[in-house]
Amino acid sequence: MRRRTLGSLLLLIGVLLIAAGAVVMLYIVPGMKRFPDDVDVTRNYDGTLAVLLNPADFSFLNDLPVVLERHITTQATDGDLALVREEQVMRSGDQTLQSQTKSYAIDRKTMEAVTSGYPDAWANEPGFWPREGLVIGWPIDTEAKDYPGWSDDFREVVTLVYDGEVTHDRGDITTYHYTASSEARPIVPEAVQAMGLPLALPQDTLMTLIGQTDLPAIVQTALPALLERWEGDVPLEYYYAYEAEYWVEPKTGVLIDTRKHEVRSVGLGAELLEGSPLANLPEEQRAALRVPVFDLTYQATDQSVQDAKADAEDNINRINLYGTYLPIGAIVVGILLALIGLVRIIFG
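About the thresholds
- Residues numbered from 1 in each chain as written.
- Predicted model: local features only at pLDDT ≥ 70, side-chain atom pairs only at ≥ 80, totals over all residues.
- Heavy atoms only, no water.
- Helix = DSSP H or I, 4+ residues; strand = E, 2+ residues; numbered from the N terminus.
- Buried < 20%, exposed > 50% of the residue type's maximum accessible area, 1.4 Å probe, protein only.
- Contact = heavy atoms within 4.5 Å.
- Areas by Shrake-Rupley, 256 points an atom, 1.4 Å probe, with all protein chains shown as cover.
- Polar contact = N/O pair within 3.5 Å; in protein donor to acceptor, adjacent residues only side chain to side chain.
- Salt bridge = Lys/Arg side-chain N within 4 Å of Asp/Glu carboxyl O.
- Patch = residues over 30% accessible without salt bridge, like charges linked within 9 Å, V, L, I, M, F, W, Y side chains within 5 Å.
- Pairing = 2+ DSSP bridges.
- Core = buried A, V, L, I, M, F, W, Y, C linked by side-chain atoms within 4.5 Å.

Caption draft 1: Molecular detail of the overall build of the protein. When you go through the protein residue by residue, the secondary structure sums to seven helices and eleven strands. Taking all 348 residues of the protein together, the buried fraction comes to 43%. Considering only residue pairs separated by 6 or more positions, the protein has 67% of its internal contacts joining residues 24 or more positions apart. If you sum the accessible surface of the protein, you get close to 18,000 Å²; carbon and sulfur atoms cover 54% of it.

The following block contains the structure:
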């Protein structure tokens, strides 16, 4: 009788262990595979700023070594949604050249921005506006496929192209390699204003600015006539071109490294050019008339690559522990105990 009682106890414990293992594997682990509610990560990038227009005094800075800092934090969560803040600062030595804050509402599983369903108060956060696609990183269990990304300059979705599985050289870790690029395209006015750049300039200010640059002869010839027939401030148009590479650890979605070259340039507004010889130029020649106001190349520092690798490895170990070792171990031990219990009950 005592053997059967012990057998029943072992059977019960075995069943409970099997159930616990199944619950962890089927319910707990999937809940872990989403953007955490306590993210507080800083990544640094070394870069070279070939050109920067200072909109405060319209002076140009050239050939500066810079450091970019991206500080990413979870501000709030609401079920499967998260409010994420990204604070960007660019410095050269002790001088802060640019500072910008962006806020995103994202799906914590897909990592894509959402345009509805989040608390109304989130829309009041700094740098918050409707976005789509990936805005802050890749999802856990990243797939070997193209992903939709987001461009704040164009205010539209761009394609992040899957380029294959590679071993990242500095990180010595297996990654998925993605690329993205665009020829020069117009920057939307809202993005221009967010960057603190003017959409129009007084004529005398424009002439002072032009005096600091080398313009083609056709512009120097045509510009005085254009300004003579134009009243008020001179409208401007901005353009953005870029080439980017991203290295992503696929199991965790951790961004190991980024390399990017960005160019923003300014030209005269279309309404000013209308009816002039400049309006009929092919796009390639019109592009040559624009003046670069921001030309930056940057890549993650060695330390940031190692920090990202450590984060990825920690997350892999955590997922393996709770997703494989503990639940399978509990199920195996539970089966053994249940079998022993059954034997004691049957043959007790």
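So that's the structure; there's more coming.
Caption draft 2: Main features of the side chain of Lys102. Turning to its location among the elements, Lys102 is positioned in strand S4 (residues 95-107). Lys102 gets classed as buried once you look at its relative accessible area, which sits at 12%. Among the polar contacts made by the side chain of Lys102, one reaches the side chain of Asp152 at a distance of 3.0 Å. Setting aside its immediate chain neighbours within four residues, Lys102 contacts Val84, Arg85, Glu86, Gln88, Pro126, Gly127, Arg131 and Asp152.

Caption draft 3: Quick peek at the pattern of salt bridges. Scanning the model with the defined rule gives 14 salt bridges in all. Asp153 is paired through a salt bridge with Arg264; the nearest N and O atoms lie 2.8 Å apart. Placement of Asp153 in the loop between strand S5 (147-151) and strand S6 (156-168) and of Arg264 in strand S10 (residues 254-268) is noted, with a sequence separation of 111 residues between them. The class of Asp153 is buried, set by a relative accessible area of 7%. A residue is classified by how much of its surface remains accessible, and Arg264, at 9% relative accessible area, is buried. A salt bridge links Glu156 to Arg185, with the nearest nitrogen and oxygen atoms 2.4 Å apart. Here Arg185 lies in strand S7 (residues 173-186) and Glu156 lies in strand S6, a separation of 29 residues in the sequence.

Caption draft 4: Region of interest: a nonpolar patch on the surface. Taken together, the side chains of Ile335, Leu339, Leu342, Val343, Ile346 and Phe347 define a hydrophobic patch exposed on the protein surface, amounting to about 600 Å² of accessible area. Positionally, Leu339 belongs in helix H7 (residues 302-347). The class for Leu339 is partly exposed, based on a relative accessible area of 49%.

Caption draft 5: Inspection of the pairing of strand S9 (residues 234-249) at higher detail. Across the 16 residues that make up S9, a large majority, twelve, are buried. Bridge count for S7 against S9 is nine bridges, and the pairing is antiparallel. Looking at the pairing, Tyr178 lines up with Tyr246 of S9. Sheet topology note: the strand S8 (residues 200-201)/S9 ladder contains two bridges and is antiparallel. Residue Ala200 lies in a different strand from S9, and its bridge partner there is Pro235. Bridge analysis of S9 against S10 gives 14 bridges, and the strand direction is antiparallel. Directly across from Tyr242, in S10, lies its bridge partner Glu262. Between the end of S9 and the start of S10, which pair antiparallel, lie four residues, with Gly253 showing a positive phi angle near 75°.

Caption draft 6: Structural view of the nonpolar core. In terms of nonpolar packing, the biggest core is built from 55 residues, with Val84, Ile106, Ile136, Trp138, Tyr238, Tyr246 and Leu268 touching the most fellow members. Per element, the largest residue contribution to this core is eight residues, and it comes from S9. Core analysis: the next-biggest nonpolar cluster, separate from the first, contains 18 residues, Leu49, Leu97, Ile256 and Ala312 among them.

Caption draft 7: Examining the pairing of S6 more closely. Relative to S6, S5 runs antiparallel, the two being bridged by five bridges. By the bridge assignment, Trp150 is partnered in S6 with Val157. Counting the residues that bridge the hairpin from S5 to S6 gives four residues, and of these Arg155 lies at a positive phi of roughly 55°. Sheet analysis places S6 next to S7, joined by six bridges and oriented antiparallel. Bridge pairing in S7 links Val166 to Thr175. The hairpin turn running from S6 into S7, its antiparallel successor, is four residues long, and Asp172 in that turn takes a positive phi close to 50°.

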